[in-house]
Amino acid sequence: EAGVAQSPRYKIIEKRQSVAFWCNPISGHATLYWYQQILGQGPKLLIQFQNNGVVDDSQLPKDRFSAERLKGVDSTLKIQPAKLEDSAVYLCASSLRAGGSSYNSPLHFGNGTRLTVT
Amino acid sequence: DAKTTQPPSMDCAEGRAANLPCNHSTISGNEYVYWYRQIHSQGPQYIIHGLKNNETNEMASLIITEDRKSSTLILPHATLRDTAVYYCIVRVERAAGNKLTFGGGTRVLVKP
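The structure reproduced in this document is the subject of the present report. Per chain, the residues get numbers from 1 upward, laid out in the order the sequence is written. Both sets of labels track the order of writing: A upward for chains, 1 upward for ligands. Reporting in this predicted model follows two pLDDT cut-offs: at least 70 for local features of residues, and 80 or more for side-chain atom pairs to be given and counted; totals over whole chains, interfaces and linings ignore these cut-offs and use all residues. Side-chain numbers here rest on the full set of heavy atoms in the structure, without hydrogens or water.

## Looking at the sheet that holds strand β8 (residues 75-79) of chain A
Residue and element names in this part refer to chain A. With antiparallel pairing, four strands are arranged side by side in an open sheet as β1-β3-β8-β7. Here the strands that pair on one side only, and so sit at the sheet edges, are β1 (5-7) and β7 (65-68). The average angle at which neighbouring strand axes cross in this sheet is 15°, direction not considered. With three bridges connecting them, β1 and strand β3 (residues 19-24) associate as antiparallel partners. Paired with Ser 7 across the two strands is Trp 22, which belongs to β3. Strand pairing follows a simple DSSP-based rule, namely that at least 2 bridges must link the two strands. Helix and strand assignments follow DSSP, with helices taken as H or I runs no shorter than four residues and strands as E runs no shorter than two, numbered in order from the N terminus. For helices, the fitted line uses only the C-alpha atoms of the stretch in contact; every axis is such a line through C-alpha atoms, and the angle between N-to-C directions lies from 0 to 180 degrees.

Here is the structure:
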């Protein structure tokens, strides 16, 4: 099966600029996640979608970060305006819908977008 | 979700078994133990998970102690491609989805 696709692979912007990342999950996966991974740390969940609804965005800095998942498939994560501390890898992951035999399904990650804010 | 404790780093020899420990002394009865690894410049990759019983798949074996307070991930024949950061995560299955909370992991270096 095709994996989770993310683009762009790398992005360099200046502080106060805006940036958007795109994610295409594995076909049939209803749950989609965006994680932020700062160098040397484990990934941190930013937002979780179930189909096109938000399940958890408690750690999303909503004053500058936004995410959407129109039609319950692709998703975009936007930062506006960017700060120096936003420099990180942004990872997208997907998993099968919770429930029944798929309740325990693992997450499948893309290779991320490396953002550098100068 | 319960926290885990892992050594920050470890080395192992190519071709030998790699045993990666994880302590999760506050684990609850309904929390699963998951292992992921992250190779440089890639996203985390699922390895294995279990609740009570030992588990084995084509990648690794997971040994969970009887009291479930610790576990060991075993890579039976480590190769250079197994060099990665390994994350041990415990979490409850929730109806709303399978959120994972990552710690710092163990940085494993497989040496020739």
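## Some remarks on the pairing of strand β6 (residues 61-64) of chain B
Residues and elements named next belong to chain B. Taken together, the two bridges between strand β5 (residues 55-56) and β6 define a ladder with antiparallel strand orientation. Of the residues in β6, the one forming a bridge with Thr 56 is Ser 61. Hairpin geometry of β5 and β6 is characterised by an intervening segment of four residues between the two adjacent antiparallel strands. Pairing analysis gives four bridges linking β6 to strand β7 (residues 70-75), with the strands arranged antiparallel. Opposite Leu 62, over in β7, you have Leu 73 as the bridge partner.

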